[in-house]
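Below are the chains, spelled out letter by letter.
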Amino acid sequence: EDKVVQSPLSLVVHEGDTVTLNCSYEVTNFRSLLWYKQEKKAPTFLFMLTSSGIEKKSGRLSSILDKKELFSILNITATQTGDSAVYLCARTTSGTYKYIFGTGTRLKVLA
Amino acid sequence: DTGVSQNPRHKITKRGQNVTFRCDPISEHNRLYWYRQTLGQGPEFLTYFQNEAQLEKSRLLSDRFSAERPKGSFSTLEIQRTEQGDSAMYLCASSLPSLNEQFFGPGTRLTVL
């Protein structure tokens, strides 16, 4: 099955730091890559990426996809304690309705 | 509240019992997904409905699991003869056909004793 691998598994930073989270995937019939934030409840949608090299941005969060090297990064600048969460990435594949999720990166931002 | 809702939010059952969970998607969403999530893992795809049709099921899904979406609105997920390994958070998500963005419900946490 198409795997999604996230790194690091966990990360502890201080408020104001910038973090970069990584998500790599296998190439087979790739359609899109999505990022979600999960606090102590259900995941909430952040970004969907389909095209290589086009940055998506929302406030302090941004994400980009590299379809040649088969990875995506999620950047968070000027981190705040409210950014503490598990960040999940998921891929979709042509020919199937499945979303395949990675195990997530657990981010803890210290005040 | 116009989001995805799930009931019950928590369920504790004894091994061997049957349980049923309900998901009410956002009203105009015709796509509905069920996932299972265990501690430290991402959501694991279980099944997908488009309107009332169940179009995809995980190959890993035991035949003790069954899902329905009889009128293309709410959906139910039933687990028969529950096992301790079924203990997990069961998440439902819905989406519009033209978007890949999924909206998740709050989940049903199942504990099998």
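Because the structure is a prediction, the values reported are computed rather than measured.

Chemist: What is the right way to read the state of the cysteines from this model?
Modeler: By the definition in use, this model includes two disulfides over all chains. A sulfur-sulfur distance of 1.8 Å marks the disulfide that ties C23 of chain A to C89 of chain A. Looking along the S-S bond of the C23 of chain A-C89 of chain A disulfide, the torsion reads about 70 degrees, which is the right-handed sense. Taken together, the residues span a long stretch of sequence, with C23 of chain A in strand β3 (residues 19-25) and C89 of chain A in strand β9 (residues 85-93) at a distance of 66 residues. We classify C23 of chain A as buried; its relative accessible area is 1%. Here C23 of chain B engages in a disulfide with C92 of chain B; their sulfurs sit 1.8 Å apart.

Chemist: It is not clear to me how the sheet that holds strand β1 (residues 5-7) of chain B should be interpreted in this structure. Could you clarify?
Modeler: Note on sheets: strands pair through backbone hydrogen bonds, and any given pair is parallel or antiparallel. Residues and elements named next belong to chain B. Spatially, four strands are ordered β1-β3-β8-β7 in an open sheet, and the strand pairing comes out antiparallel. Edge positions in the open sheet fall to β1 and β7 (65-68), since each of these has one partner strand only. Here the strands of the sheet are splayed against their neighbours by 15 degrees on average, with no regard to which way each runs. Of the pairings in the sheet, the one linking strand β3 (residues 19-24) to strand β8 (residues 75-79) comprises five bridges and is antiparallel in character. In the strand pairing of β8, R22 is matched with T76.

Chemist: Would you explain the interface of chain B and chain A in this entry?
Modeler: By convention, interface size is frequently given as the accessible area that disappears when the constituent parts associate. Contact residues are listed per partner, giving 20 residues for chain B and 18 residues for chain A. The junction of chain B with chain A conceals about 1,700 Å² of combined surface from both sides, 55% of it contributed by carbon and sulfur atoms. It is E56, N100 and F104 of chain B in chain B that bury the most area against chain A; as a group they hold 30% of the surface buried on that side. Put simply, chain B and chain A have zero salt bridges between them. Applying the counting criterion to the chain B and chain A interface returns three residue pairs in polar contact (both at pLDDT 80 or more). Contributing elements (two or more residues each) for the side of chain B that touches chain A: β4 (31-37), β5 (44-50) and β6 (53-57) of chain B.

Chemist: Teacher, can you tell me more about the packing of aromatic side chains here?
Modeler: The description of an aromatic ring pair rests on the distance of the ring centres and on the angle between the ring planes. Scanning all chains against the criterion turns up 14 aromatic pairs over all chains. Note on Y36 of chain A and F104 of chain B: the rings are 5.7 Å apart at their centroids and 90 degrees apart in plane angle, and the pair reads as edge-to-face. On the criterion of chain membership, the pair formed by Y36 of chain A in strand β4 (residues 30-38) and F104 of chain B in strand β10 (residues 103-104) is interchain, its members lying in two chains. For the pair formed by Y36 of chain A and F104 of chain B, the shared burial category is buried. Here the aromatic rings of F101 of chain A and F104 of chain B are separated by 6.3 Å at their centres, their planes lie at 75 degrees, and the arrangement is edge-to-face. With F101 of chain A in strand β10 (residues 99-101) and F104 of chain B in strand β10, this residue pair bridges two chains. Residue classification places F101 of chain A among the buried residues on the basis of a relative accessible area of 9%.

Chemist: Mind showing me how you'd approach unusual backbone geometry here?
Modeler: Note: most peptide bonds trans; most residues except glycine with negative phi. Between S7 of chain A and the following residue, P8 of chain A, the backbone shows a cis peptide bond with an omega angle of -10 degrees. N7 of chain B connects to P8 of chain B through a cis peptide bond whose omega is -10 degrees. Inspection of the secondary structure puts P8 of chain B in the loop between β1 and β2 (10-13). One non-glycine residue with positive phi stands out, namely L70 of chain A, at about 65 degrees.

Quick notes on the rules
Residues numbered from 1 in each chain as written. Chains lettered and ligands numbered in written order. Predicted model: local features only at pLDDT ≥ 70, side-chain atom pairs only at ≥ 80, totals over all residues. Heavy atoms only, no water. Disulfide = S-S within 2.5 Å. Helix = DSSP H or I, 4+ residues; strand = E, 2+ residues; numbered from the N terminus. Buried < 20%, exposed > 50% of the residue type's maximum accessible area, 1.4 Å probe, protein only. Pairing = 2+ DSSP bridges. Axes fitted to C-alpha atoms, helices over the stretch in contact; angles between N-to-C directions. Contact = heavy atoms within 4.5 Å. Buried area = accessible area lost by both parts, 1.4 Å probe. Salt bridge = Lys/Arg side-chain N within 4 Å of Asp/Glu carboxyl O. Polar contact = N/O pair within 3.5 Å; in protein donor to acceptor, adjacent residues only side chain to side chain. Phe/Tyr/Trp six-rings, centres within 6.5 Å; stacked < 30°, edge-to-face > 60°.

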